[in-house]
Amino acid sequence: DLVDVCGYPLSIFFIVVNEFCERFSYYGMRAVLVLYFRYFLKWDDDLATSIYHTFIALCYLTPILGAIVADSWLGKFKTIVYLSIVYTVGQVVMAVSAIHDITDTDRDGTPDNMTFHVAMSMVGLFLIALGTGGIKPCVAAFGGDQFEDHQEKQRSTFFSIFYLSINAGSLLSTVITPILRGQECGIHSQQKCYPLAFGVPAALMVVALIVFIMGSGMYNKTAPKGNIMLEVCKCIGFAIKNRFRHRSKTFPKREHWMDWAHEKYDKLLVAQVKMVLKVLFLYIPLPMFWTLFDQQGSRWTLQATTMDGNFVRVTCSSHVLLPVCQTVNPILILALVPIMDSLVYPLIKKCHLNFTPLKRMTVGMLIAALAFVAAALLQLQIDVSIYSIYTHTPPHTHTPPHTHTYSIYTHTPPHTHIHIVYIHIHTHIHPPHTHTYMLLTCCFALSYRRFVNGLGSPLNVTLGVGDIAPLSVSNYSLVPQGKAEFTIMNSGGASCLYSKELGFGSAFTLVIPSTFNIGIPDVVEDIKPNTIHMGWQIPQYFLMTAGEVVFSVTGLEFSYSQAPSNMKSVLQAGWLFTVAVGNIIVLIVAEAAQLPDQWAEYILFASLLAVVCIVFAVMSYFYTYTDPAEIEAQFSQPEHEPEEKKRDRVEMERKDSDCSKSSKGSDKKKRDSVVEQHNQDVKQSKM
């Protein structure tokens, strides 16, 4: 017997907690995934974006597999347990792949065998995609199975709480995991703590699995009854095959091509498939919306790395700046959904405007296109701030990958022969702007006759820079944003302390005289700190979230209202499939376009969505809303169905016989046999 608490099955507590932990695990890992690709695996922006969207597409393709396995073979409970184990293993593998010390044999903080880390991360992501996608269609449906038929109100409340747990897990994880990533960890050298950022989501997935199994004895576990999705596919396949087999003009045309399935399948099933196909046809333009929507976690995140993210200097200056705008999405969803339902839509209705679900979806697509226009305008301003200074690679320096380098100025004080050592501190313009790349270059002054070493002895600089040999270049070191203090020592043991406030994206040159008496140093600011604040991304996130609420929530409600009672899962799988296709489109368009400017790519995507929106509006205009319950009620008299179906089959058999090259005698015998069998079947069905 099921245990009830306040009218609710106690088992749903375990399901809600499981969903919260699973969503925390998934979105937490995803929040730093692009940064992991970009700054740990050292991939460029395009490759990081491509692999990210390939992973998202796979996450939304595997639900179809999970639904088939659950309904046809294992059942929902076993499917969730087994695939959650796969999911957990994938998260652990991801955490292990981010431990740089595993292959850092020379202990310099950089993995020496990057192939190992790439291979491990790809295996981990594949297992995660298989796990999260496989359980996606099962958990919510399994929760609904815990309620009796008379508990419709409680079931509705459960789904609201279930959706709330998803957004709560998403919101918390997108805040916490970037903080974890910002920590420094390592055995031999301290680096950004990706193992912790991936390890905590892995731990949450272990908790999710344990909690779900703990409720095993309380669950209502329904046995697999066969997958309706497979039945729909078989029905469609038979209709196509039967139509092709009877393509001759001898056979009369039928009102709908699915009517060719009547010889084998019930008319009720055929009518239900027609309703599903009618909605799936409207789904064709929808992937373009998800093409734009899911770039919040890739292109928009990378855009944020070129901006000033100092929201609250005391609490945010070190770790949380980069994905801070990603938290805007779940917050706005929780705020906008009730606002739309209780204020905006009723107000539109009072104005006597027929704002149908399909019109809402069209408006949502337009709003999403405007979000990318806003992103393009912001990108133009970022480009102006970044490239406003003439750049070139100075001599005797090494250029960090994916950076711009700035002039190193040589300087000799007037009326002296003191040669200068330049320490060029270079801020990388692409990495997370919680840190600064620092390039220290020991230069020497050029006289007319000879080269003279300014100091003629090694230097040692703190903050991870280390020793700098004469006439050599230091390695790059990450320096936290904010006030940085450098201790500079020469071989004689003399030292000096220099401190400077480092802004986001800044680059400056520190001039140290050969006397090693810095005093008031000569500082040349090669490039000013990033002046475009990350807060300017909020408008585009607001527009995208508003578009999501109007488009996605309405689309799900529309699909549910237009789907037959036993085929809700088919349309759910179709909806998830549009998300997968949308992420694949990102890969195709980004690779095919090869636009040199990021703002142009944003405009391209916005234009494509606008065109698709027009196509969808035209398709919506010709769509006729149906009532599935009313159509299904027309077939509520099953006693007439077998006779009609047999009559159609007899007629088809007769026409097949007429077209064959068999003798008339054999044709007659075959028809007589079929008619006789038909009469017996009809009598049997009426008994």
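If you're wondering where the values come from, they're calculated on a predicted model, not measured in any experiment.

(A) The overall build of the chain, seen in detail. What the chain contains, in helices and strands, is 20 helices and 15 strands. Every one of the 687 residues in the chain was classed for burial, and the buried ones make up 50%. The contacts of the chain with a sequence gap of at least 6 include a subset with a gap of at least 24, amounting to 74%. Here the chain has roughly 32200 Å² of accessible surface; of this, 63% comes from carbon and sulfur atoms.

(B) Broad picture of the packing of aromatic side chains. All chains considered together, the criterion is met by 37 aromatic pairs. Taking the centre distance of 5.5 Å and the plane angle of 90 degrees together, the rings of Trp 290 and Phe 293 count as edge-to-face. Of this pair, Trp 290 and Phe 293 both sit in helix α10 (residues 287–293), 3 residues apart, roughly one helical turn. When its relative accessible area of 10% is taken as the criterion, Phe 293 is described as buried. Taking 5.3 Å as the distance between ring centres and 35 degrees as the angle between the ring planes, the aromatic pair formed by Trp 300 and Phe 372 counts as tilted. With Trp 300 in helix α11 (residues 299–304) and Phe 372 in helix α14 (residues 357–386), this pair connects stretches of sequence that are 72 residues apart. Phe 372 sits in the buried class, given a relative accessible area of 0%. Aromatic rings pair up to connect Tyr 36, Phe 37, Phe 40, Trp 43, Tyr 194 and Phe 198 into one cluster. Lying across the ring of Phe 77, Lys 221 places its NZ or CZ 4.1 Å from the centre.

(C) Examining a positive patch on the surface more closely. A grouping of Lys 234, Lys 241, Arg 245 and Lys 264 is seen on the molecular surface, where their side chains present a positively charged patch. Turning to its location among the elements, Lys 264 is positioned in the loop between α8 (228–245) and α9 (267–283).

(D) The environment of Ser 50, seen in detail. Along the polypeptide, Ser 50 turns up in helix α3 (residues 45–74). Remark: the alpha-carbon pair of Ser 50 and Ile 584, spanning 534 residues in sequence, is separated by 8.8 Å. Ignoring any residue separated from it by four or fewer positions in sequence, one finds Ser 50 in contact with Leu 587 and Glu 591. Only 2.9 Å separates the side chain of Ser 50 from the backbone oxygen of Asp 46, close enough to count as a polar contact.

(E) Broad picture of the confidence of the model for the chain. Per-residue pLDDT for the chain has a mean of 75; in total, 70% of the residues score no lower than 70. Predicted confidence is poor over residues 312–323, with pLDDT under 50, and the contacts of this stretch with residues over four places away or in other chains come to 31 contacts. The low-confidence segment residues 659–671, where pLDDT is below 50, has 9 contacts with residues more than four positions distant or belonging to other chains.

(F) Quick look at the state of the cysteines. Throughout the structure, instances matching the rule amount to 1 disulfide. Between the sulfur atoms of Cys 185 and its disulfide partner Cys 193 the distance amounts to 2.1 Å. The sign of the 105 degrees torsion about the S-S bond sets the Cys 185-Cys 193 disulfide as right-handed. Assigned by exposure class, Cys 185 and Cys 193 land together as buried.

(G) Local environment of the environment of Ile 538. Within the secondary structure, Ile 538 sits in helix α15 (residues 538–562). Counting along the chain gives 163 residues from Ile 538 to Ala 375, while the straight-line C-alpha distance between them is 9.9 Å.

(H) Examining the side chain of Thr 49 more closely. Note on placement: Thr 49 falls in helix α3. A relative accessible area of 2% places Thr 49 in the buried class. Thr 49 has contacts with Ser 298, Arg 299, Leu 302, Val 586 and Leu 587, leaving out every residue within four places of it along the chain.

(I) Fine view of the environment of Asp 627. Mapped onto the elements, Asp 627 comes out in the loop between α17 (598–621) and α18 (628–633). Among the residues examined, Asp 627 registers a relative accessible area of 38% and is labelled partly exposed.

(J) Looking closely at the nonpolar core. Membership of the largest hydrophobic core comes to 125 residues, with the highest contact counts inside it found for Leu 33, Tyr 36, Phe 37, Phe 55 and Phe 198. In terms of residue count, the dominant contributor to this core is α14 (10 residues). Membership of the second largest hydrophobic core comes to 6 residues, among which are Met 307, Leu 378, Ile 382 and Met 534.

(K) Just the pattern of salt bridges, in detail. Taken as a whole and assessed by the stated rule, the structure comprises 9 salt bridges. A salt bridge links Arg 23 to Glu 22, with the nearest nitrogen and oxygen atoms 2.7 Å apart. Both residues of the pair, Arg 23 and Glu 22, belong to the buried class. Note that Arg 299 is salt-bridged to Asp 46, the shortest N-O span being 2.9 Å. Within this pair, whereas Arg 299 is found in helix α11, its partner Asp 46 is found in helix α3, the two being separated by 253 residues in sequence. Residue class for Asp 46 comes out partly exposed when judged on its relative accessible area of 39%.

(L) Here's a closer look at α17. Given a rise of 1.5 Å per residue, 24 residues ought to cover 34 Å, and the 35 Å separating the end C-alpha atoms of α17 matches this to within 8%. Residues Ala 600, Glu 601, Tyr 602, Phe 605, Ala 606, Leu 609, Val 612, Cys 613, Phe 616, Met 619 and Ser 620 constitute the buried set of α17.

(M) Representation of unusual backbone geometry. For Lys 42, which is not glycine, the phi dihedral falls at a positive 65 degrees. When you line up the elements, Lys 42 lands in the loop between α2 (33–40) and α3.

(N) Main features of the packing of helix α6 (residues 152–182) against helix α13 (residues 328–350). Look at α6 against α13: their axes get within 8 Å of each other, and the N-to-C directions meet at 150 degrees. If you check the angle between α6 and α13, you find them roughly antiparallel. Regarding α6 and α13, the two cross each other, and that crossing is left-handed. Every residue of α13 that contacts α6 at Tyr 163, Leu 164, Asn 167, Ser 170 and Leu 171 is listed here: Pro 330, Ile 331, Ile 333 and Leu 334.

(O) Spotlight on the packing of helix α4 (residues 76–97) against helix α7 (residues 194–214). Their axes nearest at 8 Å, the elements α4 and α7 cross at an angle of 160 degrees. With respect to each other, α4 and α7 are oriented roughly antiparallel. For the crossing formed where α4 meets α7, the hand is left-handed. In this structure, α4 uses Phe 77, Ile 80, Val 81, Ser 84, Ile 85, Tyr 87, Thr 88, Gln 91, Val 92, Met 94 and Ala 95 to contact α7, whose residues at the interface are Pro 195, Phe 198, Gly 199, Pro 201, Ala 202, Met 205, Val 206, Leu 209, Phe 212 and Ile 213.

(P) Examining a nonpolar patch on the surface more closely. Side chains of Leu 370, Val 373, Leu 377, Leu 380 and Ile 603 sit close together on the surface and give an oily, nonpolar patch of about 390 Å² of accessible area. In terms of residue count, the dominant contributor to the nonpolar patch is α14 (4 residues). Mapped onto the elements of the fold, Leu 370 is located in helix α14.

(Q) Examining α2 more closely. Of all 8 residues making up α2, 8 are buried, and the element is well covered by its neighbours. Taken together, the buried positions of α2 are occupied by Leu 33, Val 34, Leu 35, Tyr 36, Phe 37, Arg 38, Tyr 39 and Phe 40. Directly beyond the C-terminal end of α2, a positive phi value near 65 degrees is found at Lys 42.

(R) The arrangement of the side chain of Ser 559 in detail. Tracing the chain through its elements places Ser 559 in helix α15. A polar contact is formed between the side chain of Ser 559 and the side chain of Tyr 283, at a distance of 2.3 Å. In this structure, Ser 559 is in contact with Val 279, Tyr 283, Leu 571 and Trp 575, ignoring residues within four places of it in sequence.

Conventions and cut-offs
- Residues numbered from 1 in each chain as written.
- Predicted model: local features only at pLDDT ≥ 70, side-chain atom pairs only at ≥ 80, totals over all residues.
- Heavy atoms only, no water.
- Helix = DSSP H or I, 4+ residues; strand = E, 2+ residues; numbered from the N terminus.
- Buried < 20%, exposed > 50% of the residue type's maximum accessible area, 1.4 Å probe, protein only.
- Contact = heavy atoms within 4.5 Å.
- Areas by Shrake-Rupley, 256 points an atom, 1.4 Å probe, with all protein chains shown as cover.
- Phe/Tyr/Trp six-rings, centres within 6.5 Å; stacked < 30°, edge-to-face > 60°.
- Lys NZ or Arg CZ within 6 Å of the ring centre and 35° of its normal.
- Patch = residues over 30% accessible without salt bridge, like charges linked within 9 Å, V, L, I, M, F, W, Y side chains within 5 Å.
- Salt bridge = Lys/Arg side-chain N within 4 Å of Asp/Glu carboxyl O.
- Lys, Arg positive; Asp, Glu negative; His and termini not counted.
- Charge placed at Lys NZ, Arg CZ, Asp CG, Glu CD.
- Polar contact = N/O pair within 3.5 Å; in protein donor to acceptor, adjacent residues only side chain to side chain.
- pLDDT = per-residue confidence, 0-100.
- Disulfide = S-S within 2.5 Å.
- Core = buried A, V, L, I, M, F, W, Y, C linked by side-chain atoms within 4.5 Å.
- Expected span 1.5 Å × (residues − 1).
- Axes fitted to C-alpha atoms, helices over the stretch in contact; angles between N-to-C directions.
- Parallel < 35°, antiparallel > 145°, perpendicular 65-115°, else oblique.
- Left-handed = near helix turned anticlockwise from the far one by under 90°.

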